[in-house]
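One-letter residues, chain by chain:
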Amino acid sequence: MIIRFKLNGEEKIIDIPATKRAIDLLRENFGLLKNKASCYQGACGNCSVLIDDRIVSSCSVLAFDLRGRSVVTAEGFMKTEEYQRINHLFQKNQYDPCDFCRWGKIFAIHEFLHSEERVDGSALTHALKGNQCNCTSPTLLLSVAEQIVEAERKMNAGRQHERSARK
Amino acid sequence: MNAAHGNNRLSLVFTPEHLGEALSLYARNPGAILYAGGTALLSKQSGRLPIFGAPLISLKRVEELGTIRRYENFIEFGAAVTLGEILRCRESRFLPPVFKTAVREVGTPAVRNTATIGGHLAVTERRLLLLPVLLILDAAVEIRSQTATRSGEIKRFLDEKNGFVLHPDEIITKIRIPTGRFNLWGFSALPGSVIRSQDFFMTCFVARKNRFLIEKINFAFNIDGRHILRIKQSEDRLIGKKFPLSAAEIREEMRFFTSRIDGEPAGLPLYKKDRIVNYFRLMLTQELTKSELIE
Amino acid sequence: MNIDSGDYPYYVSDIRREEMLYACFLRSHITEGRIQSVKIPQLPENVSVFSAKDFGKKNFITVNDMKIPLLADKEVRYRGEPVLLITAPSKETLKSVCESVEIEYKEKEMLESIFSDLNGKTVIYKTSFSQAAGEQPDGDPEIIGSFNTPVQEHFYPDSQGVFIEYGPSSKLKVIVSSEWPKHVKRTVMHITDLPSEKVFVLLAKSSPSFDGKIWQPSVLAAIASFASLRLKKSVKLVLSKKEDILYSGKRAASLFFIDGSTEETLKLKTLNFSFTYYCGACFPFAKEMVETAAFGARYFYNARSVKIRGEACVSNTPPTDFFSGISLPQFFFAAEMFINRLAKQKEVSPLELRLANINHAFFRSINYEKKDIFPILLAELNNRCDFTRKHAAYEHMRKRSAPSFPGLVIRGIGLSSAFQANGLNMHRGRFNQAVRMSLTPENIVKVNVASIPNSKRTRQIWKESVSEILNISPRNITLSYSFSDDTAANGPTLLSGNISTINRLIKLCAEEIRAKAETHGREQTITVEKVSSDLLSRNKKKFLYTSVTCAAAVAEVSLRFLTMELIIDKITMILDCGYINNEAVARQKIENAVIQSILWATRDESYRNLVSESLFCYPGIDRIPEIEIIFRCSENGFEKGIGEIAYSLIPAALLTAVGQAVNKDLKEMPIINERIFGPGETQS
């Protein structure tokens, strides 16, 4: 099947079996190895990518389902300013998740930042529960995620203020 | 949706864009597998290479199945609307809170962005989280085949094991969730996955309360993702009752309820039955005594 | 290889080459029996099938003097044992071939449980010990208990695997995740008959909790390199997640019988241990495992008369591998459950019973502060958790009748104590770890370690140790890994205690270099090598380990009778940890071990439950309890291992707490709802 989709901002056309899992397509056909394939059941979050700017488990998406959609993997998200801000707070807190779970956590935080959820501990905990890895402390993850959310909130408030001031 | 296992390595995939096309394909390919979000289908396949053994008909691009509309008394979702889209849509603020709470409990954000409401109902091996909630809300579905349309409350389309029953060429097309009917609700689920846990439990209720009187009440339990328990007679008995109930009334309702669940579901360990009974008592003694919530 | 440069290869699963072959195992689906026939259809081009016959007399590897078969020959010893290796140019072809091969078995009758074959078991190692002060106490034991632990797998995200890169002149580059790369090299050389200069082992990246896989990577490397050499192509063999979880090495299951009696003063009069570890189809470290448990049984509690009988036996389950804590977690589960039960029977505080019976003299003798360490730890823990008061209150509740209010929350609290043994030194040098350090006249320090740092922080800690002693910038310090034949290191790196033992060796090297530089100047390169047995000279007694870390823990649980649900509210741990280089890193390590040990204690599927094949899932962040860790450090202390002790502490504390809450004498893991709320366990 010919699949036409956007990958990290670039148009791609590829002819592959329609039922190949998206994670395998990204890793094997495009050499994008930062997202990992682990459970193949949509349970661990290691294969998380953004499809149409929403977090999905790419092991639970088949290739044909990518047609006409926009996929952002770890490699693509690394180029964004949002990633720089998240990574800065990771480093500041000495929070260093392993290569397997890192992107699941980053994308989960991204999803939360762009959701309508109210910002409190329980909602954030809920948003992060889909990531399985015991390489780091869960309490530290929550603390860092709260800092990221707060920093983004302040930044957005600041931008809103600037826009109002300009008007 | 049952996955067929066979020797076909490369499954044929149809991606219709209109409902008529989808229904026609389904009629012409008996045994084809309807593929909405695919989460339930793929979670059963732990290997790298999914094997379906039958053609897939993807419903994701079918225009009519992706709509969200709000009417005066209900909100209608196309069957291929994802659970994530349900939570994010403008209409979500009109949805019954018990339903939104239940949707938030399904899986993880990644799962919700892929799983569809129609697919969620159509899974046959397990009774998933939203089914009892939609039942107690008196939600309705529209089911279509190439030649006919059926619609009505979800309970009409369940078999004796509360599994959704579709004719071989039918597709769930719409789910309609009534709004504004109830002003009390409760939802509780044990942590854990309804698909993976060996001890999963969920309970939910909705009620219409007018000052102290219960005008309508529905409640249901999901046990281990295998049984949906709903005791209609207990519900009917509570209608017209004034809350809080007296101690004698509570005892009477407990006795009746316990007698109705005795032996059903079969083979359930005693502690799981105790759990059901405990929740029923909690509903009687605490939840239904609360003041009405403004929806 | 310079690990400081960050030039690790990718994870094995990330490696791709042109012209490479994928490989997989065809595994037995019967538990035990004979292979009657193997029918292989016409194979497509570039597809090969290897059986035990192809390996001939080399169908084994040697680990710690034990021969371990690579592929099943005539007999199948466990479900999942590899029978064939298949190689193909694509994964699709591989799967297709796997499905077309037919193997016929004659299956033996399976036991219901490995614990049922008490008389017919095959013992591969046994030990015994008996000590009595004065006359043998007579009379029946006051309390008898049996306790068993299931196998343990723990969560790690990347599957085991190996990539063999076939190079010119039959040179093989073996890229593997392994805690024992020296053994991988030896094994590959043995299987392929290649000389040392033609086998190059590279360490692939692995996730931080890739643990307990000591010798199994060597098996994978051996099989894959044989195929690679035969086919003259690169071969990639990576287990699927399901394979890895179901069939790769586990922590051994165990069964303990303990009986004991006390004097009127609460002191133990007799204490008898009889235990069996079930090693699966094989375990080359059975002796170390049994002796470690015997070490714990002999030294942890004092009694006038102590008898120990321990053994390891084979069972028809996947092979066992070394897991964190070796065999002490199983031992301490049983011992601590026993002591808690004894306390309950005698209606005394479990804390008081421990204070009366822990072998303080032993711990004082090996503690550099020469203090009675457990009274200090237990007192602090008691203060933090309010253990004595809560325990008494919950005991009072336990003795009441069953709760009548569905909303009632019943609580339980459990205490446990344990030690972690670091730097295994059995066989005096057999499991040596080594550090070699050189200081050049240009003030560059090269540190060569025989242990794999499991994180950037570990490498930083090691460098900081050197930097502090030699007063050299970390930028001028390079770390490299070596497993060549000229180092004294020969054991699996895991057994060295990793950060702590290596760091101590690094400091020893640096101190000696400093001394030599002060004496002889820095005009020439100074090289020093230290091995782990050098650390033993600090101890007065010749123990099996370079150090022990003492600790205690309290688990607090709630049982909600409304929902029939167990909630683990809090875990509090206190450790006498000597010196901590980086508290944040240490805390993280211990938290992870706590969560893994909770999983061991509560996971509701065992690997034998093959009906339910859902994969092992790590709990989401919303289900992790509060964890408080208290480090008791000493200014003059040295680093001690801390990453394993949670496995010895948490299960017993947890089960005791749950048992108190439901008024039951629980004796085995996992504690699933069926066991907690259902009938079956004895009522207290």
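The coordinates are above.
Residues numbered from 1 in each chain as written. Chains lettered and ligands numbered in written order. Predicted model: local features only at pLDDT ≥ 70, side-chain atom pairs only at ≥ 80, totals over all residues. Heavy atoms only, no water.

Novice: What is the right way to read the overall build of chain B from this model?
Specialist: For chain B, the count of helices and strands is 10 helices and 12 strands. Across the 295 residues in chain B, those meeting the buried criterion constitute 58%. For chain B, the proportion of contacts with a sequence separation of at least 24, taken over those separated by at least 6, is 65%. Approximately 12,200 Å² of chain B is accessible, and the part contributed by carbon and sulfur atoms is 50%. (Helix = DSSP H or I, 4+ residues; strand = E, 2+ residues; numbered from the N terminus. Buried < 20%, exposed > 50% of the residue type's maximum accessible area, 1.4 Å probe, protein only. Contact = heavy atoms within 4.5 Å. Areas by Shrake-Rupley, 256 points an atom, 1.4 Å probe, with all protein chains shown as cover.)

Novice: It is not clear to me how the overall build of chain A should be interpreted in this structure. Could you clarify?
Specialist: Regarding its fold elements, chain A presents 6 helices and 5 strands. For chain A, the N- to C-terminal ordering of α and β elements is β-β-α-β-β-β-α-α-α-α-α. A buried classification covers 58% of the 167 residues belonging to chain A. For chain A, the proportion of contacts with a sequence separation of at least 24, taken over those separated by at least 6, is 58%.

Novice: What should I look at first to understand the packing of helix H3 (residues 81-92) of chain A against helix H6 (residues 138-166) of chain A in this one?
Specialist: Each pair of packed helices can be summarised by the angle the axes make with each other and by the distance between the axes. All names here are of chain A. Two numbers describe how H3 lies on H6: the axes approach to 10 Å, and their chain directions differ by 140°. The angle between H3 and H6 places the two elements in the oblique class. Here H3 and H6 pass one another in a crossing that is right-handed. Of H6, the residues touching H3 (which contributes Arg-85, Ile-86, Leu-89 and Phe-90) are Val-144, Gln-147, Ile-148, Ala-151, Glu-152, Met-155 and Arg-159. The residue inventory of the contact of H3 with H6, partitioned by class, reads 7 nonpolar, 1 polar and 3 charged. (Axes fitted to C-alpha atoms, helices over the stretch in contact; angles between N-to-C directions. Parallel < 35°, antiparallel > 145°, perpendicular 65-115°, else oblique. Left-handed = near helix turned anticlockwise from the far one by under 90°. Nonpolar A, V, L, I, M, F, W, Y, C, P; charged D, E, K, R; others polar.)

Novice: How should the packing of aromatic side chains be read in this particular structure?
Specialist: Centre distance and the angle of the planes are the two values used to describe a pair of aromatic rings. Per the stated rule, a full pass over the model turns up 43 aromatic pairs over all chains. Between Phe-5 of chain A and Phe-30 of chain A, the ring centres sit 5.8 Å apart and the planes meet at 85°, which makes this aromatic pair edge-to-face. Residue Phe-5 of chain A is found in strand S1 (residues 2-7), and its partner Phe-30 of chain A is found in the loop between helix H1 (22-29) and strand S3 (48-51); the two are separated by 25 residues along the sequence. Judged by its relative accessible area of 23%, Phe-30 of chain A is partly exposed. Directly above the aromatic system of Phe-100 of chain A lies the positively charged group of Lys-36 of chain A, at a separation of 6.0 Å from the ring centroid. When the ring centre of Phe-94 of chain B is taken as origin, the NZ or CZ atom of Arg-70 of chain B, which lies over that ring, is 3.5 Å away. (Phe/Tyr/Trp six-rings, centres within 6.5 Å; stacked < 30°, edge-to-face > 60°. Lys NZ or Arg CZ within 6 Å of the ring centre and 35° of its normal.)

Novice: Help me understand the interface of chain B and chain A, please; the structure alone is not making it clear to me.
Specialist: It is common to give the size of an interface as the accessible area that goes away when the parts come together. Between chain B and chain A, the residue contacts involve 30 residues of the former and 31 residues of the latter. Linking chain B to chain A there are 2 salt bridges. The partner of Lys-60 of chain B in a salt bridge is Asp-65 of chain A, and the shortest N-O contact between them spans 3.5 Å. Along the contact surface separating chain B from chain A lie 6 residue pairs in polar contact (both at pLDDT 80 or more). When contributions to the side of chain B that touches chain A are tallied by element, the ones reaching two or more residues are helix H2 (39-43), strand S3 (56-58), helix H4 (97-105) and helix H5 (109-112) of chain B. Partitioning the side of chain B that touches chain A into residue classes produces 10 nonpolar, 12 polar and 8 charged. (Salt bridge = Lys/Arg side-chain N within 4 Å of Asp/Glu carboxyl O. Polar contact = N/O pair within 3.5 Å; in protein donor to acceptor, adjacent residues only side chain to side chain.)

Novice: Would you mind showing me how to read the side chain of Lys-273 of chain B here?
Specialist: Residues and elements named next belong to chain B. The topology assignment puts Lys-273 in helix H10 (residues 270-285). As a buried residue without a salt bridge, Lys-273 has its nearest oppositely charged side chain in Asp-262, at a separation of 4.6 Å. Look past the residues within four positions of Lys-273 in its chain and what remains in contact with it is Ile-261, Asp-262, Gly-263, Glu-264, Pro-265 and Leu-268. (Lys, Arg positive; Asp, Glu negative; His and termini not counted.)

Novice: Hey, could you run me through the environment of Tyr-71 of chain B in this one?
Specialist: All names here are of chain B. One can find Tyr-71 in the loop between strand S4 (68-70) and strand S5 (74-78). By relative accessible area, which is 35% here, Tyr-71 ends up partly exposed. The spacing of Tyr-71 and Thr-179 is 108 residues in sequence and 9.2 Å in space, taken between C-alpha atoms.

Novice: Sorry, what's going on with helix H9 (residues 247-261) of chain B here?
Specialist: All names here are of chain B. Helix length check: H9, at 15 residues, gives a terminal C-alpha distance of 21 Å against a target of 21 Å (1.5 Å per residue), a fit within 8%. Restricting attention to buried positions, one finds in H9 the residues Ile-250, Glu-253, Met-254, Phe-256, Phe-257 and Ile-261. One face of H9 carries all of its buried residues, which in axial projection span an arc of 165°. Exposed residues on H9 whose side chains face more than 90 degrees from its buried face are Arg-251 and Arg-255. Tucked into the core, H9 has its buried residues touching strand S11 (213-223), strand S12 (227-229), helix H8 (232-238) and H10. Following H9 by one or two positions, Gly-263 adopts a phi angle in the positive range, close to 85°. (Expected span 1.5 Å × (residues − 1). Arc of directions from axis to C-beta.)

Novice: I'm lost on helix H10 (residues 373-385) of chain C in this one. Help?
Specialist: Because each turn of an α-helix spans 3.6 residues, side chains separated by three or four positions in sequence point in the same direction. All names here are of chain C. The terminal C-alpha atoms of H10 lie 18 Å apart, and with 13 residues this matches the ideal 18 Å at 1.5 Å per residue to within 8%. By the burial criterion, the buried members of H10 are Ile-373, Phe-374, Leu-377, Leu-378, Leu-381 and Cys-385. Angularly, the buried residues of H10 cover 115° about the axis, an arc narrow enough to put them on a single face. Just past H10, the residue Asp-386 takes up positive phi, approximately 55°.

Novice: Sorry, what's going on with the pairing of S1 of chain A here?
Specialist: Consecutive residues of a regular strand have side chains that alternate between opposite faces of the sheet. All names here are of chain A. Where burial is concerned, the two faces of S1 differ: the one with Ile-3, Phe-5 and Leu-7 is buried and the one with Ile-2, Arg-4 and Lys-6 is not. Where S1 and strand S2 (residues 10-15) come together, 6 bridges link them in antiparallel fashion. Residue pairing for S2: Leu-7 is matched across the bridge by Glu-10. Count of turn residues in the S1/S2 antiparallel hairpin: 2 residues, of which Asn-8 carries a positive phi of about 50°. Note: S1 against strand S5 (residues 70-72), 2 bridges, orientation parallel. Along S5, the bridge assignment pairs Lys-6 with Ser-70. (Pairing = 2+ DSSP bridges.)

Novice: Would you mind going over the sheet that holds strand S1 (residues 13-14) of chain B with me for this structure?
Specialist: Two pairing modes exist for strands in a sheet, parallel and antiparallel, and in both the strands are linked by backbone hydrogen bonds. Residues and elements named next belong to chain B. With parallel pairing, 3 strands are arranged side by side in an open sheet as S1-S3-S2. Sheet topology places S1 and strand S2 (33-35) at the edges, where each strand pairs with a single neighbour. Bridge count between S1 and S3: 2 bridges; the pairing is parallel. Across the sheet, residue Phe-14 finds its bridge partner in S3, namely Ile-57.

Novice: Quick question: what am I supposed to make of the sheet that holds strand S1 (residues 21-27) of chain C here?
Specialist: Residue and element names in this part refer to chain C. Read across the open sheet, the 7 strands follow the order S3-S7-S1-S14-S11-S12-S13; overall the sheet is mixed. Of all strands in the sheet, those with a lone pairing partner are strand S3 (48-50) and strand S13 (199-203), marking the two edges. Geometrically, the sheet is characterised by an average inter-axis angle of 20° between neighbouring strands, direction not taken into account. Here strand S11 (residues 161-167) runs beside strand S14 (residues 235-238); their pairing, made up of 4 bridges, is antiparallel. Each residue of the ladder has a partner; that of Gly-161, found in S14, is Val-238. Together, S1, S3, strand S7 (82-88), S11, strand S12 (171-176) and S14 form the strand contacts of helix H4 (residues 216-231), whose direction differs from that of S11 by roughly 30°.

Novice: How do you make sense of unusual backbone geometry when you look at a structure like this?
Specialist: Most peptide bonds are trans, and most residues other than glycine sit at a negative phi. Note that the residue after Phe-243 of chain B, namely Pro-244 of chain B, is joined by a cis bond; omega there is 5°. When you line up the elements, Pro-244 of chain B lands in the loop between H8 and H9. With omega at -5°, the peptide bond leading from Met-669 of chain C into Pro-670 of chain C counts as cis. In this structure, Asn-162 of chain B takes a positive phi of about 65° despite not being glycine.

Novice: Looking at this model, I keep getting lost on the side chain of Asp-14 of chain C. Mind explaining?
Specialist: Considering the arrangement of structural elements, one finds Asp-14 of chain C in the segment before S1. The class for Asp-14 of chain C is buried, based on a relative accessible area of 3%. Side chain to side chain, Asp-14 of chain C and Lys-36 of chain A meet in a polar contact 2.5 Å long.

Novice: How do you make sense of the nonpolar core when you look at a structure like this?
Specialist: Counting residues in hydrophobic clusters, the biggest one holds 153 residues, and the most contacted among them are Val-174, Phe-331, Phe-363, Met-573, Leu-575 and Ile-650 of chain C. Residue contributions to this core peak at 13 residues, all from helix H15 (residues 645-662) of chain C. Within the second largest apolar cluster, 44 residues are counted, among which are Ala-115, Val-133, Phe-157 and Phe-182 of chain B. (Core = buried A, V, L, I, M, F, W, Y, C linked by side-chain atoms within 4.5 Å.)

Novice: Would you take a moment to explain the environment of Leu-42 of chain B for this structure?
Specialist: Inspection of the secondary structure assignment puts Leu-42 of chain B in helix H2. Each C-alpha atom, one on Leu-42 of chain B and one on Phe-52 of chain B, is 9.7 Å from the other, the two residues being 10 residues apart in sequence. Here Leu-42 of chain B is in contact with Arg-21, Tyr-40, Cys-59, Ser-60, Val-61 and Leu-62 of chain A together with Tyr-35, Pro-50 and Phe-52 of chain B, once residues within four sequence places are set aside.

Fair warning: the whole summary comes from geometry, so function is off the table for now.
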